[in-house]
Amino acid sequence: MQMMDIARFCNRFPNIDLTYDVLDSEIVRAGEDISLKVSLERDLQGRTEVGAVDAPRYPKSKEEGWWLVVGDTKTNQLLAIKRVTLQRKSRVKLDFTAPTEPGKKTYTLYFMCDSYLGCDQEYTFTVDVKEAAALEDDN
C-alpha cells in the first residue's frame, strides 16, 4: 500500500518548464514600465488533466495554486505578483516600474506553488536601465 501511495504522489508531482523574456529590454528607461513575459509548460506525463493535489490529510480537495513574483533582493522590494492557473500551458505578463536611477539592476523571478514543497523555481535577470527620456520643451 505504501509503495502505491509513493508512486501516485511521484506521478502527480508537477514538472513545469519556465522561460521568460524582458520585453524591449534594450530600451528600458528610468521610471518607465518593465514588462516580463513568462511562458509555463507542464509535462502531464500521459495524463489529460491536472486534478486535485495528492494531500490525503488535507480536510478537503485542494487545487494547486501558483504564483509568479518579481522582487529586488537588494532592497527587499516586491515589484510584481500574479496568481497563475496552470493546466498544460500558460503565458503571463508581469509589469513593474524601473527605478528612477539608471544603471544595471538585478531582479529575481520566483515561481512558487502553495501545494508542493520542492517545486518552486527562481531565476535572476538583469536589466540595463537607461537615462529617463528628456522632456520636450514647448518654447
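In what follows, the structure referred to is the one given above.
Residues numbered from 1 in each chain as written. Predicted model: local features only at pLDDT ≥ 70, side-chain atom pairs only at ≥ 80, totals over all residues. Heavy atoms only, no water.

Observations regarding the pairing of strand β6 (residues 103–113)
The following threshold applies: Think of it this way: DSSP has to see at least two bridges between two strands before they count as a pair. Note on conventions: DSSP H or I runs of at least 4 residues are helices, E runs of at least 2 residues are strands, and numbering of each starts at the N terminus.
Bridge analysis of strand β3 (residues 66–72) against β6 gives 6 bridges, and the strand direction is antiparallel. In the sheet register, G71 faces β6, and the bridge partner there is T108. The sheet contact formed by β6 and strand β7 (residues 121–129) spans 9 bridges and is antiparallel. Residue F111 lies in a different strand from β7, and its bridge partner there is Q121.

Details of the packing of aromatic side chains
To be explicit about the condition: Whether two aromatic rings pair depends on their centres lying within 6.5 Å, for rings of Phe, Tyr and Trp, where Trp uses its six-membered ring; planes under 30 degrees apart make the pair stacked, over 60 edge-to-face, and the rest tilted. Only protein chains enter the area calculation, which uses a 1.4 Å probe; residues under 20% of their type maximum are buried, those over 50% are exposed, and those in between are partly exposed.
Using the criterion set out here, one finds 5 aromatic pairs in the structure. Between the aromatic rings of W66 and F111, the centroid separation amounts to 4.6 Å while the plane-to-plane angle is 10 degrees, which identifies the pairing as stacked. On the criterion of sequence distance, the pair formed by W66 in strand β3 and F111 in strand β6 is long-range, its members being 45 residues apart. F111 gets classed as buried once you look at its relative accessible area, which sits at 1%. Taken together, a centroid distance of 5.2 Å and an interplanar angle of 70 degrees make the contact between F96 and Y107 edge-to-face. Taken together, the positions of F96 in strand β5 (residues 89–97) and Y107 in strand β6 put the pair 11 residues apart, joining distant regions of the chain.

Thoughts on the pairing of strand β4 (residues 77–84)
One ladder, built from 7 bridges, connects β3 with β4; its direction is antiparallel. Looking at β4, one finds that V70 is bridged to A80. Two successive antiparallel strands, β3 and β4, enclose a turn made up of 4 residues, where N76 displays a positive phi of approximately 55 degrees.

Quick word on the sheet that holds strand β1 (residues 16–23)
Applied cut-off: Simply put, an axis is a line fit to the C-alpha atoms, just over the touching stretch for a helix, and the angle between two N-to-C directions goes from 0 to 180 degrees.
Across the sheet, 3 strands lie side by side as β1-β2-β5; this open sheet has antiparallel pairing. Of all strands in the sheet, those with a lone pairing partner are β1 and β5, marking the two edges. Going from strand to strand, the sheet's axes swing by 20 degrees on average, the running direction of each strand aside.

No statement about biological role is implied by the geometric values presented.
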